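Understanding the architecture of this molecule
Residues per chain are reported as follows:
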Amino acid sequence: KNGQIAGLTKQSAAYFHHLPSSGAFQLPSCQPIKHMVSLEKRGCPRCHSVETTICSGHCPTKDPVAKVLFHKLFQHVCVYGEVYYKTFQIPDCPPGIDPTVVYPVALSCHCGRCNMNTSDCTSHSLRPDFCTRWR
């Protein structure tokens, strides 16, 4: 009525018609991705970057409308499934310091509860390529 379509003007309806569908805005799902990580070891003067495979991506979450007091709600995050470990020798370590470091390589990932023993479960963590020493 009067140039309106379901509460929108013809101009508004034409604008929304050209917007991409909501599928275009989907986040990548939980999966292994290649990423640079920093390796460092106490006693060695610097860190070294290597490319490995880490788990990254979106996991569906729920936030209940009715909150129940003392009810534990676990949000699923992207966690490691299968992993294997690689070793690397950090260059320039002084004599007497073992330069060997071991780091995980993700073979598979899934959405699950975060394991504080093997993962950084904080909401504002350091990036995997963060280094406390010069490179």
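First things first, this report covers the structure right here in the doc. The model shown is predicted, which means the values in this text are computed figures rather than measured ones.

**Examining the state of the cysteines**
By the definition in use, this model includes four disulfides. For C30, the disulfide goes to C78, at an S-S distance of 2.1 Å. Residues C30 and C78 are joined through a disulfide that is right-handed, its torsion about the S-S bond being 80°. Of this pair, C30 sits in the loop between helix 1 (10–17) and strand 3 (31–39) while C78 is found in strand 5 (residues 77–80), placing the two residues 48 residues apart along the sequence. Judged by relative accessible area, C30 falls into the buried class, the value being 15%. The class for C78 is buried, based on a relative accessible area of 17%. Put simply, C55 and C109 are joined by a disulfide, and their sulfur atoms are 2.0 Å apart. Taking the sign of the torsion about the S-S bond as the criterion, the disulfide between C55 and C109, at about -90°, is left-handed. Here C55, found in strand 4 (residues 48–56), pairs with C109, found in strand 8 (residues 109–112); they are 54 residues apart in sequence, far enough to count as distant. The class for C55 is buried, based on a relative accessible area of 13%.

Here is what the cut-offs are and how they apply
- Residues numbered from 1 in each chain as written.
- Predicted model: local features only at pLDDT ≥ 70, side-chain atom pairs only at ≥ 80, totals over all residues.
- Heavy atoms only, no water.
- Disulfide = S-S within 2.5 Å.
- Helix = DSSP H or I, 4+ residues; strand = E, 2+ residues; numbered from the N terminus.
- Buried < 20%, exposed > 50% of the residue type's maximum accessible area, 1.4 Å probe, protein only.

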